[in-house]
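Residue-level listing of the chains:
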Amino acid sequence: MKSLFTYCTVIVLILSLGFCTKKFGETTDPNTLESNDTVYTSPNSRNLDIIYFVPSDVDTVAGYHKRLSEVFLWIQNFYGKEMERNGFGYKTFGLLTDKSKGLIKIHVVHGTQQKYAYRYSGGSGNIQKEVNAYFATNPTEKTSQHIMVICPDFGVDSLGKKVGAPFYGVGRWCFAVDRPDMDVANIGTDSFPVGSFGGLAHELGHGLNLPHNAQKESERSNKITALMGSGNTTLTRSETILTKADCSILNVNEIFNNDANTYYGAVKAFINKVKANYDPAKSAILLSGTYVSDIPVKGIAYYNDPNINNEGTGGNTDYNAITWASAPLANDSFYIEMPIADLRFKEDNTQYALKVRLITENGRVVNNVFNYTWSGGVPVLAFNSLDEISKAGWTVIENNSAQLTTPVAQVIDGNPVTTWHSRWETDPIGKYPYIITLDLGDVKTVSAFTVLNGKGDGGGRFVKNVEVFTSMDNITYTSEGSYDLVRSNINTAYAFSGSKTFRYFRILMKSSHDGTQNAQLSEIGFMP
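These figures come from a predicted structure and were not determined experimentally.

Caption draft 1: Spatial organisation of the overall build of the protein chain. A count of helices and strands for the protein chain gives 6 helices and 24 strands. Dimensions of the protein chain, computed from C-alpha atoms along their principal axes, come out at roughly 115 × 60 × 45 Å. Burial analysis of the protein chain (528 residues in total) assigns 51% to the buried set. At a minimum sequence separation of 6, the contacts of the protein chain that also span at least 24 residues come to 73%. For the protein chain, the exposed surface amounts to about 23800 Å²; the carbon and sulfur share of it is 52%. If you average the places of the 47 positive and of the 52 negative side-chain charges in the protein chain, the two averages end up 2 Å apart.

Caption draft 2: Spatial organisation of helix α3 (residues 124-137). Given a rise of 1.5 Å per residue, 14 residues ought to cover 20 Å, and the 20 Å separating the end C-alpha atoms of α3 matches this to within 8%. Turning to α3, its buried residues are S124, I127, Q128, E130, V131, Y134 and F135. Buried residues belonging to α3 abut β1 (49-54), β4 (107-110), β5 (147-152), β6 (169-170) and β7 (173-178).

Caption draft 3: The sheet that holds strand β15 (residues 351-360), seen in detail. Spatially, the 5 strands line up as an open sheet ordered β13-β12-β15-β16-β17, and their pairing is antiparallel. Every other strand in the sheet has two partners, leaving β13 (322-326) and β17 (378-380) as the edge strands with one partner each. The mean inter-strand angle of the sheet, taken between neighbouring strand axes irrespective of direction, is 30 degrees. The sheet contact formed by β15 and strand β16 (residues 365-375) spans 8 bridges and is antiparallel.

Caption draft 4: Looking closely at the environment of E480. Tracing the backbone shows E480 in strand β22 (residues 478-484). Take E480: its relative accessible area is 15%, and that puts it in the buried class. For the pair E480 and S497, spaced 17 residues apart in sequence, the C-alpha separation works out to 7.8 Å. Once residues lying within four places of it in the same chain are set aside, the contact partners of E480 are V468, F469, T470, F496 and K500. There is a polar contact of 2.6 Å between the side chain of E480 and the side chain of T470.

Caption draft 5: A look at the side chain of D246. Here D246 shows up in helix α6 (residues 244-250). For the buried D246, no salt bridge exists, and the shortest N-O distance to an oppositely charged side chain is 7.9 Å, to R85. Here D246 is in contact with L210, P211, N213, M228 and Y303, once residues within four sequence places are set aside.

Caption draft 6: Representation of helix α2 (residues 64-85) within the structure. Relative to the 32 Å expected for 22 residues at 1.5 Å per residue, α2 spans 31 Å between its end C-alpha atoms, a close match to the ideal helical length. G87, located one to two residues past α2, shows a positive phi value of around 95 degrees.

Caption draft 7: Here's a closer look at the pairing of strand β10 (residues 269-279). In the sheet, β10 pairs with strand β11 (residues 284-293) via 10 bridges, with the strands oriented antiparallel. If you follow D279 over to β11, its bridge partner there is A284.

Caption draft 8: Expanded view of the environment of Q351. Note on placement: Q351 falls in strand β15. Filtering out sequence-adjacent residues up to four positions away, Q351 remains in contact with D305, P306, N307, Y372 and T373.

Caption draft 9: Highlighting the packing of aromatic side chains. Under the counting rule described, the total for this entry stands at 30 aromatic pairs. Between the aromatic rings of F449 and Y483, the centroid separation amounts to 5.0 Å while the plane-to-plane angle is 85 degrees, which identifies the pairing as edge-to-face. In this pair, F449 is assigned in strand β20 (residues 434-453) and Y483 in strand β22, connecting sequence segments 34 residues apart. Residue Y483 is classed as buried on the basis of its relative accessible area of 14%. Ring geometry for F502 and F526: centres 5.6 Å apart, planes at 65 degrees, overall edge-to-face. Separated by 24 residues along the polypeptide, F502 in strand β23 (residues 492-509) and F526 in strand β24 (residues 520-527) bring together distant segments of the chain. The two residues F502 and F526 agree in class, both being buried. Three or more aromatic residues joined by ring pairs make a cluster, and in this case those are W394, F449, Y483, Y494, F496, F502, F505 and F526. Directly above the ring of Y264 sits R172, whose terminal nitrogen or CZ lies 3.9 Å from the centroid. Across the ring face of Y477, the terminal group of R506 is positioned such that the distance to the ring centre comes to 4.0 Å.

Caption draft 10: Region of the structure containing unusual backbone geometry. A cis amide bond, omega -5 degrees, links D427 with the succeeding residue P428. A cis amide bond, omega 5 degrees, links Y432 with the succeeding residue P433. Position of P433 relative to the elements: it lies in the loop between β19 (420-421) and β20. Of note in the backbone geometry, N209 takes a positive phi value of approximately 85 degrees without being a glycine. Structurally, N209 is set in the loop between α4 (194-207) and α5 (217-220).

Caption draft 11: Just the pattern of salt bridges, in detail. One pass over the full model with this rule turns up 18 salt bridges. D178 serves as the salt-bridge partner of R67, at 2.9 Å between the closest nitrogen and oxygen. One end of the pair, R67, is in helix α2; the other, D178, is in strand β7, with 111 residues separating them in the sequence. Exposure class is identical for R67 and D178. Each is buried.

Caption draft 12: Spotlight on the sheet that holds β7. Sheet architecture is open: 5 strands sit in the order β4-β1-β5-β7-β6, paired in mixed fashion. Of all the strands in the sheet, the pair left with one neighbour each is β4 and β6. Two strands pair when backbone bridges link them, and β5 and β7 are joined in this way by 6 bridges, in the parallel orientation. Bridged to C151 within β7 is V177. Here α3 sits on the sheet in contact with β1, β4, β5, β6 and β7, set at roughly 115 degrees to β1.

Caption draft 13: Inspection of the nonpolar core at higher detail. Among the nonpolar cores identified, the biggest contains 66 residues, and F72, Y79, F93 and M148 are the most heavily contacted of them. Tallying contributions element by element places α2 first for this core, with 8 residues. Residue contacts for F93: discarding those within four places in its chain leaves N44, L48, F72, I75, Q76, Y79, L204, L208, I255 and F256. Of all hydrophobic cores here, the second largest spans 32 residues; its members include A214, Y302, I340 and W374.

The rules behind these values
- Residues numbered from 1 in each chain as written.
- Predicted model: local features only at pLDDT ≥ 70, side-chain atom pairs only at ≥ 80, totals over all residues.
- Heavy atoms only, no water.
- Helix = DSSP H or I, 4+ residues; strand = E, 2+ residues; numbered from the N terminus.
- Buried < 20%, exposed > 50% of the residue type's maximum accessible area, 1.4 Å probe, protein only.
- Contact = heavy atoms within 4.5 Å.
- Areas by Shrake-Rupley, 256 points an atom, 1.4 Å probe, with all protein chains shown as cover.
- Lys, Arg positive; Asp, Glu negative; His and termini not counted.
- Charge placed at Lys NZ, Arg CZ, Asp CG, Glu CD.
- Expected span 1.5 Å × (residues − 1).
- Pairing = 2+ DSSP bridges.
- Axes fitted to C-alpha atoms, helices over the stretch in contact; angles between N-to-C directions.
- Polar contact = N/O pair within 3.5 Å; in protein donor to acceptor, adjacent residues only side chain to side chain.
- Salt bridge = Lys/Arg side-chain N within 4 Å of Asp/Glu carboxyl O.
- Phe/Tyr/Trp six-rings, centres within 6.5 Å; stacked < 30°, edge-to-face > 60°.
- Lys NZ or Arg CZ within 6 Å of the ring centre and 35° of its normal.
- Core = buried A, V, L, I, M, F, W, Y, C linked by side-chain atoms within 4.5 Å.

Okay, here's the thing in structure tokens:
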């Protein structure tokens, strides 16, 4: 007769096996179709890395491997066709695929915590930490900087309240949710979850560096919708597109290219001259300019982002931005015609941020912002570059306060985005008045000084009252009068009483527009 101890041992062993919890980073799952003879390949050296992330109290959705493989292959083809339609050839993101089985590689990562730790609001950071830990343990599995995380539907909590999983983009990461009915076999049927499917394709766009933007009015009237606008609700239901601006960015995405180049490194690029005017004969905004970049520019995208109902013009308020794109001219300039019939909002005083984005060959996108408004049904374009003299040979020889990260030399570097800012983070904290003195290298005769107040993208602390001085010898200075600088990110000229000849120029800043002790200037220059 077996002892009671033996029976107890067997029972404990059975119970321990029956209630064994999944280990963190475990990649085996009963719902996967992967087997020992599954071989994943890709023509690209870098691919979209797909993670199926499962909290400890949730399971994978039945049949996810086959369904999601077909979903991603469908979306991969959609991106490729849109690239081709926009003139870039059939070019799409890489996926590790076993073509004989129709499967893509999906990494299953089981989280260490329950679903509430990975909820929609704030939970993506915890997921990222655990996925990064998985890749740290399995470094050869990470093939690119673009990661798509799919979570099973989290269902409800113990109180019956819905627990939403992350469904958005965060940098080059993007998140979406798996459902049993998200199956390409259901496309066109009432059971197909259009929003979830289109939402996955939309959030993938964010993970591939795409901002929001909308279809042109001519497209909207033909019931065409941009994926990165509200296309998450129309994909597979009606014609949904990637805009040419989208495709210009994807063209230099690391997983759209099979090369050994390094992507997303630092770039120094800015627009140094811009000219805009409304041509009534063409009923279009004509925009041209030149730029400086230490990395070749492969394309330029133009986003006309309206500020409707004071929504602003930043992230998540740009769904209604209307876009154009062009190739660079002569490697340092651009030109585009934007018919105003394709802009939706043209009421008097409607404010627009025109975001001109330089798309460099290493995948970085550098934003330059110019503001305009409307009057009488036509755009009022007041941001044209001024005809300034060259800044070659100039130096800053005096400044009484500067933040270490915004050195004063940036007021004469020709870059409207870089700035000088008074010291605000370390002692001694700056206080008005502030002084900047320039040595122009030799004697100049000019009619006005120019100031780009604040930052070129509209931020910063705007200086208000200044007094300016000139000198031939840096000893005796003559006051040329006091001026109130405009509260604007438009480079503005302030005329002297007549032509002035000098070598040294001093600007004494006395007050700010916002009443604080902070000061910021982007550029100082002179008109001939």
